[in-house]
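Residues per chain are reported as follows:
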Amino acid sequence: MTEIPFERRRNFCIIAHIDHGKSTLADRIIEMTGGLSSREMREQVLDAMDLERERGITIKAHSVRLVYKAKDGLEYEFNLIDTPGHVDFHYEVSRSLSACEGAILVVDASQGVQAQTLANVYMALDHNLEILPVLNKIDLPNADPDRIKEQVEQIIGIDTSQALCVSAKTGLGVDKILEAIVHRLPAPRGSEDEPLQALIFDSWFDTYQGAVILVRVINGRMNVGQKISLMHTGKTYEILKLGFFTPRPVICETLVAGEVGFVIAGIREVRETKIGDTVTDAANPCKEALSGFREVKPMVFAGIYPIQPNEYENLKLALEKLRLNDSAFSFEPETSVALGFGFRCGFLGLLHMEIVQERLEREYNLELITTSPTVIYKVHLTNGEVLEIDNPSKMPPEGTIDHLEEPFIDVTIHVPSEYVGNVIQLCEERRGIQKKINYVTPDRVMVHYELPFPEIMFDFYDKLKSLTRGYASLDYEVLDFRASRLVKLNILVNGDPVDALSVIVHRDHAQYRGRELVSKLREIIPRQQYEVALQAAIGSKVVARENVKALRKDVIAKCYGGDITRKRKLLEKQKEGKKRMKQVGRVEIPQEAFLAVLKID
Amino acid sequence: MKYPCALYIHFPYCLYKCHYCDFNSYALKEREIPFGSYQKALLAEWRKRLPHFDPFPSIGSVFLGGGTPSLMPPNDVADLLGEIRRSVFFTDDVEVTLEANPKTISAKKLENFRQAGINRLSVGVQSLNDAYLAAFGRIHSADDAREALKLVRDAAPWRGAAPWRGAGFKSWNADLMFGFPGQTLKQWESDLNEILDFGPPHLSCYSFTVEEGTIYRRQIQSGKALPPDSDLQAEMFEMTGNLLEKRGYRRYEISNFAHPGHECRHNLNYWNYGEFVGLGAGAVSFLYEGTEGSKDFGYRTTNYKEPGRYMDALKDSPIWFDREEIPRETALAEFFMMGLRLTGGISEEIYRRLFFLDAKRPNEPLFTVFRKMGWVGEEGIYLTPKGRLFANQIMSAFLP
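With respect to the overall build of chain B
Reasoning step 1: Across its full length, chain B carries 15 helices and 14 strands.
Reasoning step 2: Its C-alpha radius of gyration of 21 Å places chain B within 12% of the 21 Å reference for a compact globule of 400 residues.
Reasoning step 3: Principal axes of the C-alpha set define a box for chain B whose edges measure 55 × 55 × 50 Å.
Reasoning step 4: Within chain B, the proportion of its 400 residues that are buried is 57%.
Reasoning step 5: Total accessible area on chain B stands at roughly 16,900 Å², and carbon and sulfur atoms take up 53% of it.
Reasoning step 6: Charged side chains of chain B number 47 positive and 50 negative; the gap between the two group centres comes to 2 Å.

Laid out in structure tokens, this is it:
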């Protein structure tokens, strides 16, 4: 590859709402710049994992270097930086954005701007990125580019007179995007002569190479053999390999200011490579670390337990492997009276939790019980001590507690005006504090609330979706801890509290949630040999009670010669179902019971 | 194969599909039923099967089930049984049962069936309450059933415990169901008492079950019908046993009762995991693997279900069935699933003969658990009355 000068480099990302066509557009750009021949193109090449493909969400950021021969006859180097597209990955998105000079804003030409897009565009503007608006899915019959252009101008306040209309699916208009990248996005600034200063915006674990980090070099240069240090961890390494993706990995000798590429430096664990950290030369460090670094801390916690106790070691190995690749994920051993030995796991948010859970079950073939997710609560004791608890069962005795604090989040919901009432009602029910309601256009509203974080654990997303026929989109950021009247709701099965079922709830909702929870559990827990009493209690006060009647018979009435295979299969199914249940005392409780609290509103 | 084999013959046609029925049956108007060509197909299948056996085992029982096999002209049955009887050996005490719908029989027809070789009748009474009969789409009324019961009683001269003397039918059965949604314990008890007045030597009492793919299942799903009350059914199940045992019957299987000596030989063969050959649309055959050292215990074939396809395949194709291999461990589980249905439980002799077991038995620890729970008897391998109600849980524990 011939050397392309500094001023012909373009570093950019694509900002879009889920399903508005980000991955398709990325595929098209890679294809049209010859990064991969069409034969090699799998759809959505940037979404590596099956899981991502299935959910249509990009989880790990990747970046590709492409060479584009522009109409002016010159070759340009494009670095397309992929960004995660979900609210749980707010911080990661911000780091990816700061590796770019420009962003392609993809908006569905019929659906218009959504909250998540907005949050990311605002973030991009904060990072002084040049925005290139693109209206996608222009080939669909209900596309209305003029209306959407106007909307983008009103809501975001950027000029859309030069917005491009494309269909990423058919490739229509994508060539214009390529030209616009050349002419409208700026070249990187920075100097090769300064001391090395590079931003880590993604990292992952490779079995053979150890941690692989993706960097954007801001100043200076990186060479193979160079000693580098990571400024926030203070650790020093030697660069073993440098390279970039096309999307196939290509090895090179140097990365210079303005370039994007990967670094392999014998780093054992991804946890040492914190996203947002600054890479510098160990001998000749830059003056200061790049701004915006934040320690990523898990916000949502849940217990993960093997259904079969002998799977504990396998689960541990699987969690270790996952953590290698996911620095936002944490776990530590925990013991539950009801569930035995397992792990308390920390996640960025609910989606992150679901992804981990699914990967454990799918890739590692484990049968698991996940307990209800919870946030971190601050417990102020009467003796002045403050505890942070990530598990309701760790709550100290009521008498020793002075007060409790729960985390609050800043929530932006973007919704067509006809559903505003529903959204407000939902937020009010969830103890929200209204901050702003902004009619960005006559029919598009931005609802801004401060909500207790735990409230969005209880069926909030599904509820929001159904109340707005799927038209609402949501973005949130964690704010602070605030004192609330919280109580621990215990669930008793046959008189014994089951620690893994307890939840922390607001006192005003405790009775209602208790009732809903036991009634849900009664539906989920199958009838057993004995009657099963289900109770919800606050302290010693029972607030709700339901009974699962004893099973009186479980026998097939007829079984003759022609029925043998069929009846055997029926019994096999029954046995399989039993295997997936956890014995708590003498009661068998199915997996989904431990997440029942999520299903109540 | 020195043990007698059972022969099942399936007649897949009926006049109306009962709402709870999940058997392989097709409702047609009587004049549209292809009696002749179906009977020919049965014989064609028989002829195709014969050469595969060398020699064909002796037949200990024949069962004509359906559908509604009592719709068949007795002459057809005579020809069918006649040809079979000429080609294989029937044991002296062979039991030949015909399932009869109350609406389809007369004294004359019964006598013709008897002359055709039928020596046992199974009458599908189901209920003596018109409301339930109508609700489930039975083609007969309670009075039709009473009429039929009288005919059968008169055609089978068995009285009380006196042995069969060779005149009339050897034995007979009434099929009954209990635990219909809405049915009370009292109603069921009165059905049962009335049936007993006819003195049946054998009774099948089935807990009403909603099977997959039945009309009734669809009615429940669309909210047009109620599911049965399983608790009340459990009560009825126990009451039935108590009442019948007082009247001299023995519950010899989960749903079957008989006066001593009148147990259904054909069905006992199923529960003892014996071999059987099934003729007709959708009929199942089960045969042990002959070859020494084979990893499979046996195989099961299921004939094509749809009568048209079954008949066509017999004409020009060598294959008219699906085949399932039964590995040894599956066979052992099935052996328990079937054998534990019997009140007497697993026969040690058969257990040893089929699975070559010496003193060490693989499932002993499981039995110990169930014995502790009081579900399996202390000596031998059989379910206690309590265990019988939870038979599925015990049986599924033996699955591989």
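Anyway, onward from the coordinates.
Observations regarding the overall build of chain A
Reasoning step 1: Scanning chain A for helices and strands turns up twelve helices and 34 strands.
Reasoning step 2: For the C-alpha atoms alone, the extent of chain A along its principal axes is close to 85 × 70 × 55 Å.
Reasoning step 3: Taking contacts inside chain A between residues at least 6 apart in sequence as the whole, the part at least 24 apart equals 70%.
Reasoning step 4: Only carbon and sulfur atoms are counted for the fraction: they give 48% of the accessible area of chain A, which is about 25,000 Å².

Description of unusual backbone geometry
Trans peptide bonds make up the majority, and among non-glycine residues the majority have a negative phi.
Reasoning step 1: A cis amide bond links Gly66(B) with the next residue in sequence, Gly67(B), at an omega value of 25°.
Reasoning step 2: Note that Gly67(B) resides in the loop between β4 (59-66) and α2 (74-87).
Reasoning step 3: Positive phi, close to 60°, is recorded for Lys137(A), a residue that is not glycine.
Reasoning step 4: Take Lys137(A): it is sitting in the loop between β5 (130-136) and α5 (145-156).
Reasoning step 5: Look at Gln126(B): it is not a glycine, yet its phi comes out positive at around 70°.
Reasoning step 6: Among the structural elements, Gln126(B) can be located in strand β6 (residues 120-126).

What about the sheet that holds strand β7 (residues 197-206) of chain A?
Residues and elements named next belong to chain A.
Reasoning step 1: On the basis of which strands lie adjacent, the open sheet formed by eight strands has the order β11-β10-β16-β7-β8-β15-β12-β13 and antiparallel pairing. A strand with exactly one partner marks an edge of an open sheet, and here the two such strands are β11 (236-238) and β13 (249-252). Neighbour-to-neighbour, the strand axes of the sheet open up by a mean angle of 40°, direction not taken into account.
Reasoning step 2: Examined bridge by bridge, strand β12 (residues 241-245) and strand β15 (residues 260-264) share three bridges and lie antiparallel to one another. Among the inter-strand pairings, Gly 243 is bridged to a residue of β15, identified as Phe 262.

Examining the interface of chain A and chain B
Reasoning step 1: Across the boundary between the two partners, chain A contributes 26 residues, which contact 40 residues of chain B.
Reasoning step 2: Both sides together, the interface formed by chain A and chain B hides about 3,100 Å², and carbon and sulfur atoms give 54% of it.
Reasoning step 3: Taken as a group, Arg552(A), Lys553(A) and Tyr560(A) account for 23% of the area that chain A buries against chain B, more than any other trio of residues on that side.
Reasoning step 4: Taken together, the connections running from chain A to chain B amount to seven salt bridges.

A word on helix α11 (residues 328-339) of chain B
Reasoning step 1: The terminal C-alpha atoms of α11(B), which comprises twelve residues, lie 16 Å apart, in line with the 16 Å expected from a rise of 1.5 Å per residue.
Reasoning step 2: Of the residues making up α11(B), those classed as buried are Thr330(B), Ala331(B), Leu332(B), Ala333(B), Glu334(B), Phe335(B), Phe336(B), Met337(B), Met338(B) and Gly339(B).

Points about the pattern of salt bridges
Reasoning step 1: The final tally for this structure, using the stated rule, is 56 salt bridges over all chains.
Reasoning step 2: Between Arg65(A) and Glu259(A) there is a salt bridge, with the nearest N and O atoms lying 3.5 Å from each other. Residue Arg65(A) is found in strand β2 (residues 63-69), and its partner Glu259(A) is found in the loop between β14 (254-256) and β15; the two are separated by 194 residues along the sequence.
Reasoning step 3: When the shortest N-O distance is used, the salt bridge between Asp144(A) and Arg147(A) registers 3.0 Å.
Reasoning step 4: By relative accessible area, Asp144(A) is classed as partly exposed at 30%.
Reasoning step 5: Among the charged side chains, a salt-bridge network with shared partners connects Arg568(A), Glu572(A), Arg300(B), Glu324(B) and Glu334(B).

Let's talk about the sheet that holds strand β3 (residues 75-81) of chain A
All names here are of chain A.
Reasoning step 1: Overall, mixed pairing links the six strands, which are arranged β2-β3-β1-β4-β5-β6 in an open sheet. Each having just a single partner strand, β2 and β6 (164-165) make up the two edges of the open sheet.
Reasoning step 2: Where strand β1 (residues 9-16) meets strand β4 (residues 102-108), five bridges bridge the pair, whose relative direction is parallel. For Ile 14, the partnering residue across the bridge sits in β4 and is Ile 104.

Here's the deal with the packing of aromatic side chains
Residues and elements named next belong to chain A.
Reasoning step 1: Applying the stated rule across the entire model yields 48 aromatic pairs over all chains.
Reasoning step 2: Plain terms: the ring middles of Phe 331 and Phe 343 are 5.6 Å apart, the flat faces sit at 85° to each other, and that makes the pair edge-to-face. With Phe 331 in strand β18 (residues 330-336) and Phe 343 in strand β19 (residues 340-347), the pair connects residues that are twelve residues apart, well separated along the chain. Like Phe 331, the residue Phe 343 is buried in the burial classification.
Reasoning step 3: Seen from the ring of Phe 244, Arg 65 lies directly overhead, with NZ or CZ sitting 3.7 Å from the centre.
Reasoning step 4: The ring of Phe 481 carries the charged tip of Lys 378 above its face, separated from the ring centre by 4.4 Å.

Some details on the domain arrangement of chain B
All names here are of chain B.
Reasoning step 1: Looking at the assigned domains, one finds that chain B contains domain 1 (5-269) and domain 2 (289-396).
Reasoning step 2: Taken over C-alpha atoms, the centre of domain 1 sits 23 Å from the centre of domain 2.
Reasoning step 3: Across the contact, 21 residues belong to domain 1 and 19 residues belong to domain 2.
Reasoning step 4: Both faces considered, domain 1 and domain 2 share a buried interface measuring about 1,800 Å² in area, 61% of it formed by carbon and sulfur atoms.

Thoughts on the confidence of the model for chain A
Residues and elements named next belong to chain A.
Reasoning step 1: This prediction gives chain A a mean pLDDT of 87; 94% of its residues lie at or above 70.
Reasoning step 2: Segment residues 37-49 is flagged for pLDDT under 50; beyond a separation of four residues in sequence, or across chains, it makes 32 contacts in the model.
Reasoning step 3: Low pLDDT, under 50, characterises residues 51-61; the predicted model gives this stretch 45 contacts beyond four residues in sequence or across chains.

Overview of the nonpolar core
Residue and element names in this part refer to chain B.
Reasoning step 1: Counting residues in each nonpolar core, the largest one holds 138 residues, and the members touching the most others are Ile 9, Ile 118, Leu 203, Tyr 273 and Tyr 310.
Reasoning step 2: A total of seven residues in this core trace back to one element, the largest contributor, which is α11.
Reasoning step 3: Mapped onto the domain boundaries, this core takes at least three residues apiece from domain 1 (5-269) and domain 2 (289-396).
Reasoning step 4: In this structure Tyr 273 touches Phe 286, Tyr 288, Phe 297, Arg 300, Ile 326, Ala 331, Glu 334, Phe 335, Met 338, Leu 354 and Phe 355, once residues within four positions along its chain are discounted.

Details of the confidence of the model for chain B
All names here are of chain B.
Reasoning step 1: Chain-level statistics for chain B give a pLDDT mean of 91 and a share of 95% at 70 or above.
Reasoning step 2: By mean pLDDT, the top-scoring element of chain B is strand β10 (residues 256-258) (98), and the lowest-scoring one is helix α12 (residues 348-355) (88).
Reasoning step 3: Per the prediction output, this complex has pTM 0.72; the corresponding ipTM is 0.94.

Some details on the pairing of β7(A)
All names here are of chain A.
Reasoning step 1: With eight of its ten residues buried, β7 lies for the most part within the structure.
Reasoning step 2: Strand direction decides the pairing type here: β7 and strand β8 (residues 210-219), joined by nine bridges, are antiparallel. Residue pairing for β8: Ile 200 is matched across the bridge by Val 215.
Reasoning step 3: Here β7 pairs with strand β16 (residues 278-281) via three bridges, running antiparallel. Within β16, the position partnered with Gln 197 by the bridge is Thr 280.

Here we look at empty space enclosed by the protein
All names here are of chain A.
Reasoning step 1: Tallying each qualifying case throughout the model produces seven cavities of 30 Å³ or more.
Reasoning step 2: The volume enclosed by the largest cavity comes to roughly 90 Å³.
Reasoning step 3: Lining the largest cavity are 13 residues, and of these Arg 344, Thr 371, Asn 391, Asp 499 and Ala 500 lie nearest its centre.
Reasoning step 4: Tallying contributions element by element places β18 first for the lining of the largest cavity, with three residues.
Reasoning step 5: Across the lining of the largest cavity, the residue classes tally to three nonpolar, seven polar and three charged.
Reasoning step 6: Quantified by volume, the second largest cavity comes out at close to 80 Å³.
Reasoning step 7: Looking at the second largest cavity, the residues that line it are Pro 373, Thr 374, Val 375, Tyr 377, Pro 392, Pro 454, Met 457, Phe 458, Val 503 and Ile 504.
Reasoning step 8: The set of elements that each furnish at least two residues to the lining of the second largest cavity consists of β21 (374-375) and β30 (503-506).
Reasoning step 9: Residues belonging to the lining of the second largest cavity are distributed by class as follows: nine nonpolar, one polar and no charged.

About the thresholds
- Residues numbered from 1 in each chain as written.
- Chains lettered and ligands numbered in written order.
- Predicted model: local features only at pLDDT ≥ 70, side-chain atom pairs only at ≥ 80, totals over all residues.
- Heavy atoms only, no water.
- Helix = DSSP H or I, 4+ residues; strand = E, 2+ residues; numbered from the N terminus.
- Rg over C-alpha atoms; globule rule 2.2 N^0.38 Å.
- Buried < 20%, exposed > 50% of the residue type's maximum accessible area, 1.4 Å probe, protein only.
- Areas by Shrake-Rupley, 256 points an atom, 1.4 Å probe, with all protein chains shown as cover.
- Lys, Arg positive; Asp, Glu negative; His and termini not counted.
- Charge placed at Lys NZ, Arg CZ, Asp CG, Glu CD.
- Contact = heavy atoms within 4.5 Å.
- Pairing = 2+ DSSP bridges.
- Axes fitted to C-alpha atoms, helices over the stretch in contact; angles between N-to-C directions.
- Buried area = accessible area lost by both parts, 1.4 Å probe.
- Salt bridge = Lys/Arg side-chain N within 4 Å of Asp/Glu carboxyl O.
- Expected span 1.5 Å × (residues − 1).
- Phe/Tyr/Trp six-rings, centres within 6.5 Å; stacked < 30°, edge-to-face > 60°.
- Lys NZ or Arg CZ within 6 Å of the ring centre and 35° of its normal.
- Domains from an automatic or database assignment.
- pLDDT = per-residue confidence, 0-100.
- Core = buried A, V, L, I, M, F, W, Y, C linked by side-chain atoms within 4.5 Å.
- 1 Å grid on protein atoms, 1.4 Å probe; cavity = no way out; pocket = protein on both sides within 12 Å on 5 of 7 lines; lining within 4 Å.
- Points joined across faces, edges and corners; volume = space filled by probe spheres on them.
- Nonpolar A, V, L, I, M, F, W, Y, C, P; charged D, E, K, R; others polar.

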